[in-house]
Amino acid sequence: WTQRIKAVYGKNGIVGAAWALDAIHRDIIFRRFKMFPHLNLFGVPQSGKNQLAGSLQALFGLPQPPIGLENATKAAMTRLISVIRNGVVWFDEYKNDVDRWIVELLKGFADGTSRRKGDANMEMRTVSTPVNSAAIISGQHQLTLDIAMFSRTISLNFSQTTFTEAERQALRELKDIEETGALTHIAAQVHTHRQLFLDKFSNEFEFVRTDF
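Residues numbered from 1 in each chain as written. Predicted model: local features only at pLDDT ≥ 70, side-chain atom pairs only at ≥ 80, totals over all residues. Heavy atoms only, no water.

Draft legend 1. Spatial organisation of the pattern of salt bridges. Evaluation of the coordinates by the stated rule reveals 13 salt bridges. Linking D146 and K107 is a salt bridge whose minimum nitrogen-to-oxygen distance equals 3.0 Å. Pair noted here: D146 is in the loop between β6 (134-139) and α6 (147-150) and K107 is in helix α5 (residues 100-110), with a separation of 39 residues, a long-range link. For the pair D146 and K107, a shared accessibility class is recorded, and that class is buried. Among the ionic pairs, D111 bridges to R152, the shortest N-O distance being 2.9 Å. One end of the pair, D111, is in the loop between α5 and β4 (116-118); the other, R152, is in the loop between α6 and β7 (153-158), and 41 residues separate them in sequence. Relative accessible area serves as the criterion here: at 27%, D111 is assigned to the partly exposed category. (Salt bridge = Lys/Arg side-chain N within 4 Å of Asp/Glu carboxyl O. Helix = DSSP H or I, 4+ residues; strand = E, 2+ residues; numbered from the N terminus. Buried < 20%, exposed > 50% of the residue type's maximum accessible area, 1.4 Å probe, protein only.)

This is the structure we're talking about:
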């Protein structure tokens, strides 16, 4: 799978695949850092952003259509980020002129917070929808509207718009596999190592960070 991802998407595919595999253990990583970064796919149209987003979603089932941020609602965004646990959700059509509440909501998702609302059954109490999933944000703009938002993302730039026939064939073959739903076995196999990941992640992360 990673060989095919690399063949189709190059370096962006390598980073995207690593991020998606981390999303399988999002809750463990979040507990360590109190944050889980978004994956930001930005660049010109027809450059492969959406194809990569769909490929990463395919680890968790048949790829689902994204929520378009131009017409998004707070309720739809928070519902999606809460009902999928340790998976990947996708928000598309990001632009730096989006409503400010969208930026604040996305920023909160990385920090594990979402919108708060009053509890109709109890006075003086608010409830917050939990954040359970990792998120992809895609669009033509880099996330420069808010530096705090930028610091909560891993950003991948897409600029190539012309592809060889061999590259197009590699994409077709990958998409044919994804459409069967068969790639979920990869996430399932990674999940069988959850206890090992829980036991080893913090120390291994510090070791690698020190090495870098």
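From this point, things continue past the structure.
Draft legend 2. Main features of the nonpolar core. The biggest cluster of nonpolar side chains holds 29 residues, and the ones touching the most others in it are W19, L39, L41, L52, L56 and I136. Take this core: its biggest share by element is seven residues, from helix α1 (residues 2-23). Look past the residues within four positions of L41 in its chain and what remains in contact with it is K49, L52, A53, I136, I137, S138, G139, L156 and F158. Core analysis: the second largest hydrophobic core is formed by 19 residues, M77, Y94, V103 and L105 among them. (Core = buried A, V, L, I, M, F, W, Y, C linked by side-chain atoms within 4.5 Å. Contact = heavy atoms within 4.5 Å.)

Draft legend 3. A look at unusual backbone geometry. Phi at K34 is positive, roughly 55 degrees, even though this residue is not glycine. Note that K34 resides in the loop between α2 (26-33) and β1 (38-43). For K34, a relative accessible area of 56% gives the class exposed. In this structure, Q46 takes a positive phi of about 60 degrees despite not being glycine. Within the secondary structure, Q46 is located in the loop between β1 and α3 (49-57). By relative accessible area, Q46 is classed as exposed at 67%.

Draft legend 4. Looking closely at the pairing of strand β3 (residues 88-94). Burial within β3 is extensive, with six of its seven residues counted as buried. Relative to β3, strand β2 (residues 67-68) is paired through two bridges, and the arrangement is parallel. Counted as the bridge partner of G68 is D92 from β3. Crossover handedness for the path β2 to helix α4 (residues 74-83) to β3: right-handed. (Pairing = 2+ DSSP bridges. Right-handed = clockwise from strand over helix to strand, strands pointing away.)

Draft legend 5. Highlighting the environment of E70. Along the chain, E70 turns up in the loop between β2 and α4. Apart from residues lying up to four places away in sequence, E70 is in contact with E93 and K95. Within the local environment of E70, its side chain forms a polar contact with the side chain of K95, the two groups lying 3.1 Å apart. (Polar contact = N/O pair within 3.5 Å; in protein donor to acceptor, adjacent residues only side chain to side chain.)

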